[in-house]
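Read off the chains here:
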Amino acid sequence: MSDATIENSQMQTTLRVLSFVGTLLLTFIGLTAVTFFISRFMAVDPVLGVVGDKAPQAVYDKAREAMGLNQPIPIQYLSYLSKIAVGNFGKSVMTSHPVLEDLLHFFPATLELATIATLLGVAVGVPSGVVAGAKKGKWPDQVVRIVGLFGYSIPVFWVGLVCLFIFYGKLGWVSGPGRLDIGYDDIVTAHTGVILIDSAIEGEWSVFHNALSHIILPASILGYFSIAYIARMTRSFMIEQLSQEYIVAARIKGRSFWGAVWKHAFPNIMVALITVIGLSYASLLEGAVLTETVFAWPGLGLYITKSLFSADMNAVLGGTLVVGAVFIGVNALCDFLYRIFDPRLSRA
Amino acid sequence: MSSAQSSTMTWHDWLASETPTSRVQALSSRVYQSIGAVTANPAAFTGLIIISILILIAMFAGVITHGVSPYAQILAERLAAPSTTHWFGTDELGRDIFARIVYGARVTLTIVLLVSILVAPIGLAVGTLAGYLGGWVDIVLMRVTDVFLAFPRLVLALAFAAALGPGIENAVIAISLTAWPPYARMARAETIAIKNSDFISAVVLQGASTARILFRHIVPLCISSLIIRLTLDMAGIILTAAGLGFLGLGAQPPAAEWGAMVASGRNVILDQWWVATIPGFAIFIVSLGFNFLGDGLRDVFDPKKS
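Scoring rules and cut-offs
Residues numbered from 1 in each chain as written. Chains lettered and ligands numbered in written order. Predicted model: local features only at pLDDT ≥ 70, side-chain atom pairs only at ≥ 80, totals over all residues. Heavy atoms only, no water. Helix = DSSP H or I, 4+ residues; strand = E, 2+ residues; numbered from the N terminus. Areas by Shrake-Rupley, 256 points an atom, 1.4 Å probe, with all protein chains shown as cover. Buried < 20%, exposed > 50% of the residue type's maximum accessible area, 1.4 Å probe, protein only. Contact = heavy atoms within 4.5 Å. Axes fitted to C-alpha atoms, helices over the stretch in contact; angles between N-to-C directions. Parallel < 35°, antiparallel > 145°, perpendicular 65-115°, else oblique. Left-handed = near helix turned anticlockwise from the far one by under 90°. Nonpolar A, V, L, I, M, F, W, Y, C, P; charged D, E, K, R; others polar. Buried area = accessible area lost by both parts, 1.4 Å probe. Salt bridge = Lys/Arg side-chain N within 4 Å of Asp/Glu carboxyl O. Polar contact = N/O pair within 3.5 Å; in protein donor to acceptor, adjacent residues only side chain to side chain. Domains from an automatic or database assignment. Core = buried A, V, L, I, M, F, W, Y, C linked by side-chain atoms within 4.5 Å. pLDDT = per-residue confidence, 0-100. Phe/Tyr/Trp six-rings, centres within 6.5 Å; stacked < 30°, edge-to-face > 60°. Lys NZ or Arg CZ within 6 Å of the ring centre and 35° of its normal.

Undergrad: Describe in detail the overall build of chain A, supporting the description with residues and values.
TA: A tally of helices and strands in chain A yields 14 helices and zero strands. Each helix (α) and strand (β) of chain A, taken in turn from the N terminus, gives the series α-α-α-α-α-α-α-α-α-α-α-α-α-α. Projected onto its principal axes, the C-alpha coordinates of chain A cover approximately 90 × 70 × 40 Å. A total accessible area of about 18,000 Å² is found for chain A, and carbon and sulfur atoms account for 66% of it.

Shown next as structure tokens:
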């Protein structure tokens, strides 16, 4: 290869990275534009929230000016953007803390829930998807199809309530809503904010056990939705791979059927699975909104919905922005990993 | 074909004919064969039956409940367990849950219809315009689509519903604003596939305007896959609407909305399980119906994706 072609391919790589970063930035800016748009069109007048509805016109105008609301919309948007760039989402009316601080405080709980659910989804969803794809049309396939259809049809808030009723109310197998029983609060210091890890670090196994009995129900319910999605996608990837000629070749050379499935077909779907798992993880971070409400789980979702009802728009929009940013970030990361692991794409 | 032969021809032969002799015959045979294909697919057939029942329940709500109002409060009978007088029991205000479920079918159907009416034209307009015109129109429209696609749906709908204020119309708007991007993507892909075909070149040469080409030639070809996709999405729309209702951002009291009904039974779930449980079954069965139908339709009309 000559120097010129090496330089050329390097330049192409740089260009690709630049366009990737550019697209990402553009999406982020679009995200802020939408949240800004929402804040402009909201039903509650933010000025009235500050001065009250009995304030004389002069006071109202002054407050409006102080809040920058008399400026032209594009200027307002720019100042909003510059505040967000330094992490200033304003103050939450509900907790009277800066919104960013609140979000950082509540995020680990959501992360904990979504991570365990995704681990469940991968552990159960991938193998059952592979088997369903390999045994297309047979009973494992039908089971995965039904699990998938149920997963797409069950209202998550309802199944949460019903499971609370059965497993907590009637059987008493698990603990009720919340992350810990009241007696266990404040025993472990927050190193990571994830109670299961914090209590394990400090060796407080009674706290660990209590936290586990609280998380198992919401995590299993979210995990079910993750299993439904991952299994369905794995199945269709598997069917596509198994119809390829290299599988026939492997079988002719004497590979057993399951050997061909796991040693030949499975490695080829792993790259596509990364994207699926990432998407399911990101959607769990948002899907947790309803689950957190039902289980009084003090995460981002509960924070956003609670703020909604105290008309705390700073908190709602800050939360929306962060969830959206995480969503975009995970998507971009998957896209990036896909390009790295799939040699066809990195050269194309 | 002689007249003697055609007199012995049955309706089935006429409809199943491979060589239709008129437009009417061609159209009716297509409808006939589609119905045959859908009813032969067990999933699609089950879905079709569930949704037909839902529509019938919504239409004849008054007859089915024997005139029991979904709003009539009998406080003396509040939180009554299911019995022969109240099949599904009563809620915390003594309203008959069976009547509220039946009338709730109307709310659900209204939401589904309104969202479809809003989402389909937006998706078609954005997608076909971007696909047909290409260039910077395509780039700008698809960037906007990507931004909306990158949003977590429920959170965005939540923020919209919060900004617009609670209510069923605003919930519909919020859901539509978050639901259109996949349709735009799909319509764009189809338009790009269609626009270089000979029949489009032919109408261009005949002097058809861009608007005419889009509306008369491209949009009709995008509609069938749009309908399949919409059917598959219906369950998601119903679940999002129910979720908004559960959070108190959808239909407002005293409206009989299934999601809000689950929420109202939340505090009494341990003692009066029926208040929250039964409306959830309604949501589940209807979502399942739409999923069955959508899955089946995809199997029937799009064999390569099954």
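Undergrad: Residues and numbers for the overall build of chain B, please.
TA: Looking only at helices and strands, chain B has 14 helices and zero strands in total. Along the chain direction, N to C, the helices and strands of chain B fall in the order α-α-α-α-α-α-α-α-α-α-α-α-α-α. With respect to the principal axes defined by its C-alpha atoms, chain B has extents near 75 × 60 × 30 Å. Classification of the 306 residues of chain B by burial places 49% in the buried group.

Undergrad: Can you tell me about the side chain of B:Thr108, naming the residues and giving the values?
TA: Residue and element names in this part refer to chain B. Within the fold, Thr 108 resides in helix H6 (residues 97-133). The class of Thr 108 is buried, set by a relative accessible area of 9%. Apart from residues lying up to four places away in sequence, Thr 108 is in contact with Ile 238 and Trp 258.

Undergrad: Describe in detail the packing of helix H5 (residues 99-134) of chain A against helix H13 (residues 313-341) of chain A, supporting the description with residues and values.
TA: Residue and element names in this part refer to chain A. It is at 10 Å that the axes of H5 and H13 come closest, and there the two elements cross at 55°. It follows that H5 is oblique to H13 by the angle criterion. Crossing of H5 over H13 shows right-handed handedness. Judged by residue contacts, Val 99, Leu 103 and Phe 107 of H5 engage Asn 314, Ala 315, Gly 318, Gly 319, Val 322 and Val 326 from H13. Of the residues assigned to the contact of H5 with H13, the class counts are six nonpolar, three polar and no charged.

Undergrad: Which residues make up the interface of chain A and chain B, and what values go with them?
TA: Between chain A and chain B, the residue contacts involve 41 residues of the former and 45 residues of the latter. A buried area of about 3,800 Å², summed over both sides, lies between chain A and chain B, and 78% of it is on carbon and sulfur atoms. For chain A, the biggest contributors to the area lost against chain B are A:Phe157, A:Trp158 and A:Leu161; these three give 16% of the whole. Linking chain A with chain B are two salt bridges. A salt bridge links A:Arg145 to B:Asp295; the shortest N-O distance between them is 3.0 Å. The tally of links from chain A across to chain B stands at six residue pairs in polar contact (both at pLDDT 80 or more). Among the secondary structure elements, those contributing two or more residues to the side of chain A that touches chain B are helix H1 (3-40), helix H6 (139-153), helix H7 (156-170), helix H11 (257-294), helix H12 (300-309) and H13 of chain A. When residues in the side of chain A that touches chain B are grouped by element, the largest group, eight residues, is from H1(A). Residue composition of the side of chain A that touches chain B, by class: 28 nonpolar, nine polar and four charged.

Undergrad: Now, about the domain arrangement of chain A: what can you tell me, with residues and values included?
TA: All names here are of chain A. Looking at chain A, the domain boundaries give domain 1 (3-84) and domain 2 (99-346). Contacts between domain 1 and domain 2 engage 13 residues on the former and 12 residues on the latter. Considering only the side of domain 1, the residues that lose the most area to domain 2 are Phe 20, Leu 31 and Thr 35, jointly responsible for 40% of the buried surface there. In this assembly, domain 1 and domain 2 are joined by zero salt bridges. Counting across the interface, domain 1 meets domain 2 through zero residue pairs in polar contact (both at pLDDT 80 or more). At the level of elements, H1 and helix H4 (73-85) are the ones that each hand at least two residues to the side of domain 1 that touches domain 2. Counting residues per element, the side of domain 1 that touches domain 2 draws most heavily on H1, at 10 residues.

Undergrad: Account for unusual backbone geometry, naming residues and giving values.
TA: Looking along the chain, the bond that leaves B:Pro253 and enters B:Pro254 is cis, with omega of 5°. Residue placement: B:Pro254 occurs in the loop between helix H12 (210-246) and helix H13 (258-264). Of note in this structure, A:Ala296 is not a glycine but carries a positive phi near 45°. Structurally, A:Ala296 is set in the loop between H11 and H12. Here A:Ala296 falls in the partly exposed class, since its relative accessible area comes to 36%.

Undergrad: Explain the nonpolar core to me, and be specific about the residues and the numbers.
TA: One finds A:Ile38, A:Phe157 and B:Trp258 to be the most contacted residues of the largest nonpolar core, which totals 126 residues. It is H12(B) that contributes the most residues to this core, 16 residues altogether. Both domain 1 (3-84) and domain 2 (99-346) of chain A contribute no fewer than three residues apiece to this core. Filtering out sequence-adjacent residues up to four positions away, A:Ile38 remains in contact with A:Met313, A:Leu317, B:Leu156, B:Ala159, B:Phe160 and B:Ala163. Counting 17 residues, the second largest nonpolar core, distinct from the first, contains A:Val188, A:Ile195, A:Ala211 and A:Leu222.

Undergrad: Summarise the confidence of the model for chain B; cite the residues concerned and give the values.
TA: Residues and elements named next belong to chain B. Residue-level pLDDT values for chain B average 84, and 95% of them are 70 or greater. When pLDDT is averaged over each helix and strand of chain B, the minimum, 50, is found for helix H1 (residues 3-7) and the maximum, 91, for H6. Overall fold confidence for the complex sits at a pTM of 0.84, while the interface term, ipTM, reaches 0.82.

Undergrad: Run through the packing of aromatic side chains, naming residues and quoting values.
TA: Per the stated rule, a full pass over the model turns up 17 aromatic pairs over all chains. Consider the rings of A:Phe106 and A:Tyr303, whose centres lie 5.0 Å apart with planes at 25°: the pair is stacked. Taken as a pair, A:Phe106 in helix H5 and A:Tyr303 in helix H12 lie far apart in primary sequence, 197 residues in all. Residue A:Tyr303 is classed as buried on the basis of its relative accessible area, which comes to 2%. Three or more aromatic residues link up through ring pairs in this structure, and these residues are A:Phe150, A:Trp158, B:Phe281 and B:Phe284. Between the NZ or CZ atom of B:Arg229 and the centre of the ring of B:Tyr183, over which it lies, the distance is 6.0 Å.

Undergrad: Break down the environment of B:Leu288 for me, with residues and values.
TA: Within the secondary structure layout, B:Leu288 lies in helix H14 (residues 273-301). Under the relative-accessibility criterion, B:Leu288 is labelled buried at 11%. Along the sequence, B:Leu288 and B:Ala235 sit 53 residues apart, while their C-alpha atoms lie 7.1 Å from each other. Sequence-distant contacts of B:Leu288, that is, excluding residues within four places in its chain, are made with A:Leu149, A:Phe150 and A:Ser153.

Undergrad: Residues and numbers for the pattern of salt bridges, please.
TA: Any two side chains of opposite charge can pair, so long as their charged atoms come close to each other. For the structure shown, the criterion picks out 11 salt bridges over all chains. Of the charged contacts in the structure, one is a salt bridge between B:Asp91 and B:Arg100, with a shortest N-O distance of 3.7 Å. Among the residues examined, B:Arg100 registers a relative accessible area of 4% and is labelled buried. Notably, a salt bridge pairs B:Asp146 with B:Arg143, separated by 2.8 Å at the nearest N-O pair. Of the two residues, B:Asp146 and B:Arg143 both sit in helix H7 (residues 135-150), three residues apart, roughly one turn of that helix. A single network of salt bridges, built from pairs that share partners, joins A:Arg145, A:Arg232, B:Asp295 and B:Arg298.

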